[in-house]
Amino acid sequence: MFDRPGGALDAEEEEDVWLQIRAEARRAAEEEPVLASYLYSTVLSHRSLEPALAAHIANKLSSPTLLSSHLFELFRDVCLRDAATREAIRADLRVVREKDPACEGYLHCFLNFKGFAAVQSYRVAHALWRQGRHGLAMALQSRMSEVFQVDIHPAARIGKGVMLDHATGVVIGETAVVGDNVSMLHNVTLGGTGAVGGVRHPRVGDGSVIGAGARILGPVRLGENVKVGAGSLVLMDVDDGLTVVGNPARVVRRKADSGPSVPGKDDLNDYV
Amino acid sequence: MFDRPGGALDAEEEEDVWLQIRAEARRAAEEEPVLASYLYSTVLSHRSLEPALAAHIANKLSSPTLLSSHLFELFRDVCLRDAATREAIRADLRVVREKDPACEGYLHCFLNFKGFAAVQSYRVAHALWRQGRHGLAMALQSRMSEVFQVDIHPAARIGKGVMLDHATGVVIGETAVVGDNVSMLHNVTLGGTGAVGGVRHPRVGDGSVIGAGARILGPVRLGENVKVGAGSLVLMDVDDGLTVVGNPARVVRRKADSGPSVPGKDDLNDYV
Amino acid sequence: MFDRPGGALDAEEEEDVWLQIRAEARRAAEEEPVLASYLYSTVLSHRSLEPALAAHIANKLSSPTLLSSHLFELFRDVCLRDAATREAIRADLRVVREKDPACEGYLHCFLNFKGFAAVQSYRVAHALWRQGRHGLAMALQSRMSEVFQVDIHPAARIGKGVMLDHATGVVIGETAVVGDNVSMLHNVTLGGTGAVGGVRHPRVGDGSVIGAGARILGPVRLGENVKVGAGSLVLMDVDDGLTVVGNPARVVRRKADSGPSVPGKDDLNDYV
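These numbers were taken from a predicted model, which means no experiment stands behind them.

J.: Could you clarify how one ought to interpret the overall build of chain A in this entry?
T.: Helices and strands together make up the secondary structure of chain A, namely 8 helices and 15 strands. The burial tally for chain A puts 62% of its 272 residues in the buried class. A separation of at least 24 residues holds for 45% of the contacts in chain A among residues at least 6 apart in sequence. Of the roughly 9,900 Å² of accessible surface on chain A, 48% is carried by carbon and sulfur atoms.

Spelled out as structure tokens, the structure:
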């Protein structure tokens, strides 16, 4: 993860998601006149995905002290400068559309998923953090937590194709690392254990899925394609492909190719 | 549940809750002049409960893109057209007043309980969903989640007399069914297990009580008057009148008329 | 706790935290011009900590119905009248700065920690409650829950030097008592068990630490310096200095001076 061989999406791929969002917005505006002016200002009046997203999220995060116009410029500038962020935004949209049975299209995710909006806000805060603009990055973190109830430290490292489903209550700490194509339900914590200094938070491998309310604490490593059951408390490393459940968590199923490890516990496998 | 024999409340019953809210608002405005103009615009300036509720919730959910005036008309029109919704609103108010020791009257619930406001927002979104107005219903779902931190899919079916106490973090999925007089504490999830298609979420019977942070996942059935302990993980059907606790949940107490099933576990019975 | 021998801080100590916040704000405004006008209006334009805090929180809690100017006067007046509240505010700031590895200074806590803002909002609501202004106190409680996702009943009693880290989803009930220097992570519940009348909520002793998502229910007593593991369900009294974990919770470690009680469970000790 985090290496993007061959560089970013080509222009055609970048264009594709945006064209679909526009087409969906045009249909939605015809079907629901109450939403037409909202859809025009949020989607149809923009030339590309980045300024549309910047306007949408600036609108949500703005306050009497963080002006919408400032936020818009910040978001747009980060997106325009950084090809990896542009690619990640599109990967996030694609993943929600593919994985969430309740998602009715790109437009729905773009407009209505606060988990998507929170991740994009984090991406901008993270870019600011890396530029040394810590004060502004932390102001954004705080505002995200108020508005979306998602608290991601701007220094955390998060891959692309990430889905926070429902999203309320997610907390991701300063030294956490989250791979590509990781999905988390609401109320997931990637937290610390009270230790000070160095790596204090988990590292979650590509393709992992973390159930609602699971807490993964301390500098533990979850491998790739790990599943963590809802409400689990994980305090240990977990190898690639394993499923863990419970408080404290234990392994209930080994890698797919080696079959279930705990007879009769197959029913627990899916409740992530 | 969901059948309402004999139709809705008669006009007198409908009037009753509203008269009490007005009387409480007049007293509150006298006692606390700081709140007087708020109480006037929210309660005392209205002729009946429905437009008052519509104005109150429109005010809370409004944003630069979902205008308060549009929301007011939507909420008022749904309430005026649908006798079952009017009855459900009153049943929700009555239940909070009866069950919550911290509730000081109808007015307090009407003004201050975000769980009550979230359920009424869902009722309107559900009516819109049934009219085929999915875009608008999902925009309301999204806004409810930001403002009240309650994420109820508009296609879910929820009975009357429902209380979401404290409410932060409640998630109710698309195919969930919740009976009459069900109470849930904060952070309850009626969620899926990753399955796609068909019924993916729980069915909760009339009179059940679900403790804080409990997660009930998959197409399981909870009978009537079931109690689920705080922090439980429920992955199985539960018969009428049983109490379940733990992660994963197990039965700790049978129906009231058959006495406790697990000696020494009586103390667990109440922590819903 | 709650007795403050020797009275409040002297004027010099009161001044100290405020001078540091101002100095940090001046540096931050130089480093980040985008934030300069925000820092001026929130910090640098004020003569002392109390009106600055009152303006900051009034700004966050204001709504079309609870005007910022009213809230500012309420907050300022409570702070000016009550030396214990002024002391508690400073103790809360000091504790966050000392305990939270992600806190970069007083200013960061003052501006960006919604747990800090929520506790100060509670302090004002509590003062109003004690003056018999229940309607206004409960309106503030409701607004805090919407804006910060922290639901503290204004009748609860909370000491000084209290930290709500991340804070989303915290619920503290009407008859709860929380000592000095208590820290709680997000999603902690100090809740009831459905009993009506009398003391229905926990009492948490000085210096205790409660992990993310822990639920402590009913009129139980936690002693001083107790640690409660993340996700625990506590339904029993816990003596001074003990560590409890699990659902339901059990003691895993006795007081520091008597060594660990459960061999091999040392690793559980820290996940609060």
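J.: Looking at this model, I keep getting lost on the sheet that holds strand β11 (residues 221-222) of chain B. Mind explaining?
T.: The strands making up a sheet associate through backbone hydrogen bonding, with each pair oriented either parallel or antiparallel. Residue and element names in this part refer to chain B. In space, the 4 strands of this open sheet follow the order β2-β5-β8-β11, with parallel pairing throughout. The strands lining the two open edges of the sheet, one partner per strand, are β2 (157-158) and β11. Direction of pairing for β2 relative to strand β5 (residues 177-178): parallel, over a ladder of 2 bridges. The residue of β5 that forms the bridge with Arg157 is Val177.

J.: It is not clear to me how the relation of the copies chain B and chain A should be interpreted in this structure. Could you clarify?
T.: The two chain copies are connected by a rotation around an axis plus a translation along it. Its rotation angle being 120°, the transformation that places chain B on chain A also includes 0.0 Å of axial translation and leaves an RMSD of 0.0 Å. Between the two chains, the operation in question is that of a three-fold axis. In this assembly, only 13% of the residues forming the interface of chain B have copies in chain A that are likewise at the interface, indicating a heterologous arrangement.

J.: How do you make sense of the interface of chain B and chain A when you look at a structure like this?
T.: For interface size, the figure often reported is the accessible area lost on association. Counting residues at the interface gives 31 residues for chain B, matched by 31 residues for chain A. Summed over both partners, the interface of chain B with chain A buries about 2,600 Å², with 56% contributed by carbon and sulfur atoms. Interface area lost by chain B to chain A is led by Thr65, Glu146 and Arg215 of chain B, which between them contribute 21%. The interface formed by chain B and chain A includes 2 salt bridges. With its nearest N and O atoms 2.8 Å apart, the salt bridge here joins Arg133 of chain B to Glu32 of chain A. On inspection of chain B and its partner chain A, the count reaches 10 residue pairs in polar contact (both at pLDDT 80 or more).

J.: In this structure, what is going on with helix α4 (residues 68-81) of chain B? I would like to understand it.
T.: A turn of α-helix holds 3.6 residues, and therefore any two residues three or four places apart point the same way. Residues and elements named next belong to chain B. Between its first and last C-alpha atoms α4 spans 20 Å; for 14 residues at 1.5 Å apiece the expected length is 20 Å, and the two agree. Every buried residue of α4 is accounted for by Leu71, Leu74, Phe75, Val78 and Cys79. Each buried residue of α4 lies within a common arc of 120° when the element is viewed along its axis, so the set occupies one face. Turned more than 90 degrees away from the buried face of α4 sit Leu80 and Arg81, all of them exposed. Along its buried surface, α4 packs onto α3 (49-61), α5 (83-99), α7 (114-130) and α8 (134-148).

J.: So what exactly am I meant to see when it comes to the side chain of Asp151 of chain A here?
T.: Summarising the element assignment, Asp151 of chain A is placed in strand β1 (residues 150-152). At 6.5 Å, Lys114 of chain C is the nearest oppositely charged side chain to Asp151 of chain A, a buried residue that forms no salt bridge. Looking at Asp151 of chain A, its side chain comes within polar contact range of the side chain of Gln141 of chain A, at 2.8 Å.

J.: Explanation requested: the environment of Ser62 of chain A in the structure shown.
T.: All names here are of chain A. Inspection of the secondary structure puts Ser62 in the loop between α3 (49-61) and α4 (68-81). For the pair Ser62 and Arg143, spaced 81 residues apart in sequence, the C-alpha to C-alpha distance is 8.5 Å. Those residues within four positions of Ser62 in sequence are excluded, and the remaining contacts are Leu67, Ser68, Leu71 and Arg143. Engagement of the side chain of Ser62 in a polar contact is seen with the backbone oxygen of Asn59, the distance being 3.2 Å.

J.: Explain the interface of chain C and chain A here, please?
T.: Chain C puts 31 residues into the contact, and the matching count from chain A is 30 residues. Contact between chain C and chain A buries roughly 2,600 Å² in total, counting both sides, with carbon and sulfur atoms accounting for 56%. Linking chain C with chain A are 2 salt bridges. When the shortest N-O distance is used, the salt bridge between Lys60 of chain C and Glu146 of chain A registers 2.7 Å. Where chain C meets chain A, there are 10 residue pairs in polar contact (both at pLDDT 80 or more). Of all the secondary-structure elements, those providing two or more residues to the side of chain C that touches chain A are α2 (36-44), α3 (49-61), α6 (106-112) and α8 (134-148) of chain C. Among the elements that line the side of chain C that touches chain A, the one with the most residues is α6 of chain C, at 3 residues. Its residues assigned to classes, the side of chain C that touches chain A shows 12 nonpolar, 13 polar and 6 charged.

J.: Is there a simple way to think about the pattern of salt bridges in this case?
T.: Side-chain pairs of opposite charge can arise where the charged atoms are in close proximity. Scanning all chains against the criterion turns up 24 salt bridges over all chains. The partner of Arg200 of chain B in a salt bridge is Glu174 of chain B, and the shortest N-O contact between them spans 3.1 Å. With Arg200 of chain B in the loop between β7 (189-191) and β8 (203-204) and Glu174 of chain B in the loop between β4 (170-172) and β5, this residue pair connects regions lying 26 residues apart in the sequence. Connected through shared salt-bridge partners, Lys60 of chain A together with Arg143 and Glu146 of chain B make up one network.

J.: Which parts of the structure should I look at to understand the pairing of strand β15 (residues 250-253) of chain C?
T.: Residue and element names in this part refer to chain C. Across 3 bridges, the pairing between strand β14 (residues 243-245) and β15 is antiparallel. Each residue of the ladder has a partner; that of Val245, found in β15, is Arg250. Remark: 4 residues form the turn of the hairpin made by β14 and β15, two consecutive strands paired antiparallel; Gly246 in that turn has positive phi of roughly 100°.

J.: How should the packing of α4 of chain B against α7 of chain B be read in this particular structure?
T.: Two packed helices can be described by the angle between their axes and the distance between those axes. Residues and elements named next belong to chain B. Look at α4 against α7: their axes get within 10 Å of each other, and the N-to-C directions meet at 80°. Considering their axes alone, α4 and α7 lie roughly perpendicular with respect to each other. On the side of α4, the interface is formed by Leu74, Phe75 and Val78, while α7 contributes Gln120, Ser121, Val124, Ala127 and Leu128. When grouped by side-chain class, the residues that make up the contact of α4 with α7 number 6 nonpolar, 2 polar and no charged.

J.: Can you help me understand the packing of aromatic side chains in this one?
T.: What characterises a pair of aromatic rings is the spacing of the ring centres plus the angle enclosed by the ring planes. On inspection of all chains with the given rule, the structure shows 0 aromatic pairs over all chains. When the ring centre of Tyr106 of chain B is taken as reference, the NZ or CZ atom of Arg97 of chain B above it lies at 4.5 Å.

J.: Looking at this structure, how should I read the side chain of Glu24 of chain B?
T.: All names here are of chain B. Its place among the elements puts Glu24 in helix α1 (residues 11-31). Of note is the side chain of Glu24, whose polar atom sits 3.1 Å from the backbone nitrogen of Tyr106. When neighbours within four sequence positions are excluded, Glu24 is seen to be in contact with Gly105, Tyr106, Leu107 and His108.

J.: How should the packing of helix α7 (residues 114-130) of chain A against helix α8 (residues 134-148) of chain A be read in this particular structure?
T.: Residues and elements named next belong to chain A. Contact geometry of α7 with α8 gives a least axis separation of 8 Å together with a crossing angle of 170°. By the criterion of interaxial angle, the relationship of α7 to α8 is roughly antiparallel. Between α7, through Lys114, Ala117, Ala118, Ser121, Tyr122, Val124, Ala125, Leu128 and Trp129, and α8, the contact on the second element is made entirely by His134, Leu136, Ala137, Met138, Leu140, Met144 and Phe148. Looking at side-chain class alone, the contact of α7 with α8 contains 13 nonpolar, 2 polar and 1 charged residues.

J.: I would appreciate a short explanation of α7 of chain B in the present structure.
T.: Here α7 of chain B spans 24 Å end to end across 17 residues, near enough to the 24 Å set by a 1.5 Å rise per residue. A positive phi of about 85° marks Gly132 of chain B, the residue just after α7 of chain B.

J.: Help me out: how do you make sense of the environment of Arg130 of chain B in this one?
T.: On the secondary structure map, Arg130 of chain B appears in helix α7. Separated by 24 residues in sequence, Arg130 of chain B and Pro154 of chain B place their C-alpha atoms 8.8 Å apart.

J.: In this structure, what is going on with a negative patch on the surface? I would like to understand it.
T.: Taken together, the side chains of Glu224, Asp237, Asp239 and Asp240 of chain A make up a negatively charged region of the molecular surface. Note that Asp239 of chain A resides in the loop between β13 (233-234) and β14 (243-245).

J.: What's the story with the sheet that holds strand β12 (residues 227-228) of chain A in this structure? I'm lost.
T.: Residue and element names in this part refer to chain A. Within the open sheet, the 6 strands sit side by side as β3-β6-β9-β12-β14-β15. Their pairing is mixed. Two strands close off the open sheet at either side, each with one partner strand: β3 (163-164) and β15 (250-253). As judged from the 2 bridges shared by strand β9 (residues 209-210) and β12, these two strands associate in the parallel manner. Residue Ile210 lies in a different strand from β12, and its bridge partner there is Val228.

Each value, and the rule that gives it
Residues numbered from 1 in each chain as written. Chains lettered and ligands numbered in written order. Predicted model: local features only at pLDDT ≥ 70, side-chain atom pairs only at ≥ 80, totals over all residues. Heavy atoms only, no water. Helix = DSSP H or I, 4+ residues; strand = E, 2+ residues; numbered from the N terminus. Buried < 20%, exposed > 50% of the residue type's maximum accessible area, 1.4 Å probe, protein only. Contact = heavy atoms within 4.5 Å. Areas by Shrake-Rupley, 256 points an atom, 1.4 Å probe, with all protein chains shown as cover. Pairing = 2+ DSSP bridges. Least-squares fit on C-alpha atoms with pLDDT ≥ 70 in both. Buried area = accessible area lost by both parts, 1.4 Å probe. Salt bridge = Lys/Arg side-chain N within 4 Å of Asp/Glu carboxyl O. Polar contact = N/O pair within 3.5 Å; in protein donor to acceptor, adjacent residues only side chain to side chain. Expected span 1.5 Å × (residues − 1). Arc of directions from axis to C-beta. Lys, Arg positive; Asp, Glu negative; His and termini not counted. Nonpolar A, V, L, I, M, F, W, Y, C, P; charged D, E, K, R; others polar. Axes fitted to C-alpha atoms, helices over the stretch in contact; angles between N-to-C directions. Parallel < 35°, antiparallel > 145°, perpendicular 65-115°, else oblique. Phe/Tyr/Trp six-rings, centres within 6.5 Å; stacked < 30°, edge-to-face > 60°. Lys NZ or Arg CZ within 6 Å of the ring centre and 35° of its normal. Patch = residues over 30% accessible without salt bridge, like charges linked within 9 Å, V, L, I, M, F, W, Y side chains within 5 Å. Charge placed at Lys NZ, Arg CZ, Asp CG, Glu CD.

Shape is all these values report; function is a separate question.
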